[in-house]
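# Observations on the three-dimensional arrangement
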Amino acid sequence: MSITTTDTKRRAATGALTVRDLTVSFPTATGSVDVVSHLDLDLEPGSALGIVGESGSGKSLTSLAMMGLLPPKATRTGTVTLGTEDLTSMSEAQLRRIRGDRVAMIFQDPLSSLNPYYTVGAQIEEAYRSHRRGVTRRKAHQVAVEAMERVHIKDAARRADHYPHQFSGGMRQRVMIAMALATEPELLIADEPTTALDVTVQAQILALLQEIRRETGTSLILITHDLAVVSEVTDHIVVMRSGVCVERGPVEAIFSDPQHHYTQRLFDAVPRIDDEIGDLRSLSPTGDHR
Amino acid sequence: MNATPILQAEHLVKEFPVAGSGGLVTRGRTFRAVDGVDLTLAAGETLALVGESGSGKSTTARLVTRLIDVTSGTVRFDGQDITGLRGRDLHEFRSEVQVVFQDPYSSLNPRHTVERIVTAPLLYQGRKPPGGSKRFTQSLMERVGLDPNQWQRHPAQFSGGQAQRIGVARALAVGPRLVVCDEAVSALDVSVQAQIINLLRDLQREEGFSYLFIAHDLAVVRQIATRVAVMCGGRIVEAGDRDDVFDHPQHDYTRTLLAAVPRIRPEWEAARRARAAERHSARREPVDASPARRGA
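If you're wondering where the values come from, they're calculated on a predicted model, not measured in any experiment.

## Quick notes on the sheet that holds strand E6 (residues 103-106) of chain A
All names here are of chain A. Spatially, E6-E7-E8-E3-E9-E10 is the arrangement adopted by the 6 strands of the open sheet, whose pairing is mixed. Two strands close off the open sheet at either side, each with one partner strand: E6 and strand E10 (244-250). Going across the sheet, the axis of each strand differs from the next one's by a mean of 15°, ignoring polarity. Bridging between strand E9 (residues 236-241) and E10 involves 6 bridges; their strand directions are antiparallel. Its bridge partner lying in E10, Arg241 is registered against Val244. The sheet contacts of helix H8 (residues 169-181) involve E6 and strand E7 (187-191), and relative to E6 the element is tilted by about 170°.

## Digging into unusual backbone geometry
The backbone of His38(A) shows a phi angle near 50°, a positive value even though the residue is not glycine. Note that His38(A) resides in strand E2 (residues 31-43). For His38(A), a count of 14 C-beta atoms within 10 Å puts it in the partly exposed group. Positioned with a positive phi, Asp78(B) is a non-glycine residue whose angle comes to about 55°. Following the sequence through the fold, Asp78(B) ends up in the loop between strand E4 (72-77) and strand E5 (80-81).

## Remarks on the confidence of the model for chain B
Residues and elements named next belong to chain B. On average, chain B scores 90 in pLDDT, and the residues at 70 or more come to 95%. The low-confidence segment residues 287-296 (pLDDT under 50) makes 11 contacts with residues lying over four places distant or belonging to another chain. As a predicted assembly, this complex carries a pTM of 0.85 together with an ipTM value of 0.81.

## Comments concerning the environment of Asp81(B)
Residue and element names in this part refer to chain B. Mapped onto the elements, Asp81 comes out in strand E5. Exposure remark for Asp81: the 12 C-beta atoms within 10 Å place this residue in the exposed category. Taking the C-alpha atoms as reference points, Asp81 and Leu7, separated by 74 residues in sequence, lie 9.9 Å from one another. If near-sequence neighbours (up to four positions away) are discounted, Asp81 is found in contact with Thr74 and Arg76.

## Some words on helix H5 (residues 120-129) of chain A
Residues and elements named next belong to chain A. Of all 10 residues making up H5, 7 are buried, and the element is well covered by its neighbours. Listed as buried for H5 are Val120, Gly121, Gln123, Ile124, Glu125, Ala127 and Tyr128. Residues of H5 that are buried make contact with helix H6 (137-150) and H8.

Analysis parameters
- Residues numbered from 1 in each chain as written.
- Chains lettered and ligands numbered in written order.
- Predicted model: local features only at pLDDT ≥ 70, side-chain atom pairs only at ≥ 80, totals over all residues.
- Pairing = 2+ DSSP bridges.
- Helix = DSSP H or I, 4+ residues; strand = E, 2+ residues; numbered from the N terminus.
- Axes fitted to C-alpha atoms, helices over the stretch in contact; angles between N-to-C directions.
- Contact = placed C-beta atoms within 7 Å.
- Buried ≥ 20, exposed ≤ 12 C-beta atoms within 10 Å, placed from the backbone.
- pLDDT = per-residue confidence, 0-100.

Encoded structure:
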């Protein structure tokens, strides 16, 4: 992929992601409820941050809030800055230029993110052309094929003309990653990218994400419930519970010496493949009593 | 334990017709989902059937529970061939074998109360709940760790882990000898998952029934299985005692599968567990300072 002058300019503007005092609330019958409250995040360019938590911890809403993708009823306060730009004060049109270009997202279910009526090549081309005005179709097609080659889809030139249903789950996730990479984003947000995949395919996709990070210097935010996955992929982690960050730090420090009671108990509850640990210690965040 | 195995399957084959093939005259093509599977499950043991999606593990579970019919092969339950059972005999078989499914919300009728859900298997058998419907429901709820006062609630009023407990209670209602868990803990959060795994193990200790445990998560299987059978492409490629399969896998596919599982670094784990043990012993009398964390 050739780097144009606008690309070089854009690269120069690459900066850290900073989230300050992010709060997301939803109105309910009994008043407003904070699903994310007073969250701070810092991500250095090129590094990888894991956001872990159980369902309902607010980890996915955090990423949607950062990108201005919350449902209409939700309200958001706080600031999100990427480099020197404040994403929270941007208009929808300005945000749309950032999303999918400087920041790309990958979700759990590739089949619901892809349009079944168009070939995957056409969809990658469309994503690319919407961010690079004046690019010819031929050039966009070339970018799409190259992006598919980069995620190791064999015979990419032919596969670009296939429809989503003609790909397996793992291959579809590769297509989504190819689409995300086409614009050479500086930040990739992956929300449970391997949760729906078989374990051998998961290993391939995780290896691919690592390889991409090494080669392109893209920063990564990985949102997952899987502690083992986050321990393998990221440098720093944030542990969330009920919308609040309970603990944060370098991945080794958190995994070898968790400080917060919740983190300690969460780690105790994780089943290990290497041995059986008697009764699994369980915690009861959902009211399950035991 | 050389008694008759509770469940024994020989050369199980299941073929499904391929949609769009064949016509009025020609027979359509078929897809062999299960291709010559042999299984043996001893009473009181847990056999885990592991494999990736499409490996045929769920189809195998459905065959041995007679939820679908075999194409060929035999399934013996307690020595009796059940592949051809009909009518009353099949009814009786159903009171011996129960299934817990992956998603509690879709496997429990949302319009029914807990009472109606857990007594349904008995009514199907034409039996009356012993001690009356309410008391029977409440005692079952207590056994699976639910609040018995909530016996008239609906599934939606429970959390995912609690709803799965209702699924377990329903399976226990008829006093089965074999419980098939088809990805029964896969959809649950880790903390809730740990609770349900503990519950399943406790119940087995108390009741002595056997589990056929279908799962794709090998770490969960390590916690619950006595024996493990690894499936791939409709066949069992390796079977053996749990620790043998995990620690000394013989088949290439098993090795690939085990290697692909993400792991927390052992040195981080060791450091964390050592600190947890310190905290634990600091809270107790100094007499009990041994790191006796490996229960049962």
